[in-house]
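Per-entry structural report
The residues making up each chain are set out below.
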Amino acid sequence: MKVVIVKDKKELGQRAAEIVAAVMNSRSTPVLGLATGSTPLPLYERLIQLDKQNKIDFSTAVTFNLDEYVGLPPDHHQSYRYFMDKNLFDHVRINKKNTHVPDGMAKDPDAFCCAYEEMIEDVGGIDIQVLGIGSNGHIAFNEPGTSLGSRTHVTELTAQTIKDNSRFFARIEDVPTRAITMGIGTILEAEEIILLASGENKADAIAKALEGPITCMVPASALQLHPKVTFVITRDAASKLQHFGK
Ligand code: GLP
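First things first, this report covers the structure right here in the doc. Computed from a predicted structure; not experimentally measured.

1. A few points about the overall build of the chain
When helices and strands are tallied, the chain shows 7 helices and 10 strands. Rg of the C-alpha trace for the chain: 17 Å, near the compact-globule value of 18 Å for 246 residues, within the 12% margin. In the chain, the share of contacts with a sequence separation of at least 24, taken over all contacts with a separation of at least 6, comes to 78%. A total accessible area of about 10,900 Å² is found for the chain, and carbon and sulfur atoms account for 50% of it. Mean positive and mean negative side-chain charge positions of the chain (26 and 31 charges, respectively) differ by 7 Å.

2. Points about the layout of surface pockets
When its volume is computed, the largest pocket comes out at roughly 690 Å³. Broken down by secondary-structure element, the contributors of at least two residues to the lining of the largest pocket are helix H1 (9-25), helix H2 (41-52), strand S4 (67-69), helix H3 (80-87) and helix H5 (159-165). When residues of the lining of the largest pocket are assigned to their parent elements, the largest contribution, 3 residues, is made by H3. Tallied by class, the residues present in the lining of the largest pocket amount to 13 nonpolar, 15 polar and 5 charged.

3. Digging into unusual backbone geometry
For Asn-54, which is not glycine, the phi dihedral falls at a positive 60°. Among the residues examined, Asn-54 registers a relative accessible area of 56% and is labelled exposed.

4. A short note on helix H7 (residues 203-211)
Taken residue by residue, H7 has Ala-203, Ala-205, Ile-206, Ala-207, Ala-209 and Leu-210 as its buried positions. On the buried face of H7, the contacting elements are strand S1 (2-6), strand S9 (192-197) and strand S10 (229-234).

5. Quick word on the packing of H2 against H3
The interhelical angle for the contact between H2 and H3, taken along N-to-C directions, is 40°, at an axis separation of 10 Å. One finds that H2 runs oblique with respect to H3. Contacts between H2 and H3 pair Leu-41, Tyr-44 and Ile-48 from the former with Phe-83, Met-84 and Asn-87 from the latter. When its residues are assigned to classes, the contact of H2 with H3 shows 5 nonpolar, 1 polar and no charged.

6. Considerations on the site of the ligand
What surrounds the ligand is a group of 13 residues, the closest being Ser-38, Thr-39, Asp-67, Arg-167 and Lys-202. For the ligand, an oxygen atom lies 3.3 Å from a polar atom in the side chain of Asn-165. Lys-202 has a polar side-chain atom sitting 2.6 Å from an oxygen atom of the ligand. Within the complex, the protein chains bury 95% of what would otherwise be the 390 Å² of accessible surface of the ligand. The site holding the ligand turns out to be the largest pocket. Classifying every residue of the shell around the ligand gives 4 nonpolar, 6 polar and 3 charged.

7. So, the nonpolar core
Core analysis: the biggest nonpolar cluster contains 78 residues, and Leu-47, Phe-58, Leu-88 and Leu-195 have the highest contact counts within it. At 8 residues, H1 tops the list of elements feeding residues into this core. When sequence neighbours within four positions are dropped, the list of residues in contact with Leu-47 reads Ala-17, Val-20, Ile-56, Phe-58 and Leu-88.

8. Thoughts on the packing of aromatic side chains
In this structure the tally under the stated criterion is 6 aromatic pairs. Taken together, Tyr-69, Tyr-80, Phe-141 and Phe-169 form an aromatic cluster joined through their ring pairs. If you follow Lys-86 out to its NZ or CZ, it ends over the ring of Tyr-82, 5.3 Å from the centre.

The rules we used
Residues numbered from 1 in each chain as written. Predicted model: local features only at pLDDT ≥ 70, side-chain atom pairs only at ≥ 80, totals over all residues. Heavy atoms only, no water. Helix = DSSP H or I, 4+ residues; strand = E, 2+ residues; numbered from the N terminus. Rg over C-alpha atoms; globule rule 2.2 N^0.38 Å. Contact = heavy atoms within 4.5 Å. Areas by Shrake-Rupley, 256 points an atom, 1.4 Å probe, with all protein chains shown as cover. Lys, Arg positive; Asp, Glu negative; His and termini not counted. Charge placed at Lys NZ, Arg CZ, Asp CG, Glu CD. 1 Å grid on protein atoms, 1.4 Å probe; cavity = no way out; pocket = protein on both sides within 12 Å on 5 of 7 lines; lining within 4 Å. Points joined across faces, edges and corners; volume = space filled by probe spheres on them. Nonpolar A, V, L, I, M, F, W, Y, C, P; charged D, E, K, R; others polar. Buried < 20%, exposed > 50% of the residue type's maximum accessible area, 1.4 Å probe, protein only. Axes fitted to C-alpha atoms, helices over the stretch in contact; angles between N-to-C directions. Parallel < 35°, antiparallel > 145°, perpendicular 65-115°, else oblique. Near = heavy atom within 4 Å. Polar contact = N/O pair within 3.5 Å; in protein donor to acceptor, adjacent residues only side chain to side chain. Sits in = over half its atoms within 2 Å of the grid points. Core = buried A, V, L, I, M, F, W, Y, C linked by side-chain atoms within 4.5 Å. Phe/Tyr/Trp six-rings, centres within 6.5 Å; stacked < 30°, edge-to-face > 60°. Lys NZ or Arg CZ within 6 Å of the ring centre and 35° of its normal.

Dropping the structure here:
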């Protein structure tokens, strides 16, 4: 596993964008796995710049987002579809038909999850997956205790995640309690993975993910099983590492 420690969020965006751009420029139809949350925002800002400078080309890209809240329509200001449109897709030359975010309003969510897996398979799998990390070590919405072989599924959010994400909602009661998420097994099938983290509140989860045992209680620790992973993390997020970065 590769660990890149950066000084601030701007550098995090730049380093992560270099990795994503290299993959985009080496494929005729790049398939990108994308994440929401505040951490990838500097990456998306940088990708928008690179697109404007013609250094990358989104026109042939296909994207799959990791997750979506169950019960939020795409035009809800906290839905992940809305987030992706506002923070990336509306600003680059991408065909929106090629952008996929799980449907939080699906009538049959379980059937939707199977169809989502098939859509990923039909385009030949994900070339590069971008991940954030929850303070409890979750990736996408795979909470502690999720099987390391899990596929796209409906999940209940933990109290910790609801609390963490309540900062984006008017009241904690407004945070949805369920989500559709790619599984850990789905994520591990991406050809390459980058995990981004910034802030001291992620330091514990980062140390456990990189230096702890592989366990379903720390979903990000499953990345130790993947052959091509880069963690791009700020110094404060790296502050509890014993081995990496020393
Ligand atoms: C949510 C998302 C995760 C994300 C996490 C961290 O729970 N489902 O994909 O990694 O938040 O968010 P942030 O980057 O805002 O700390």
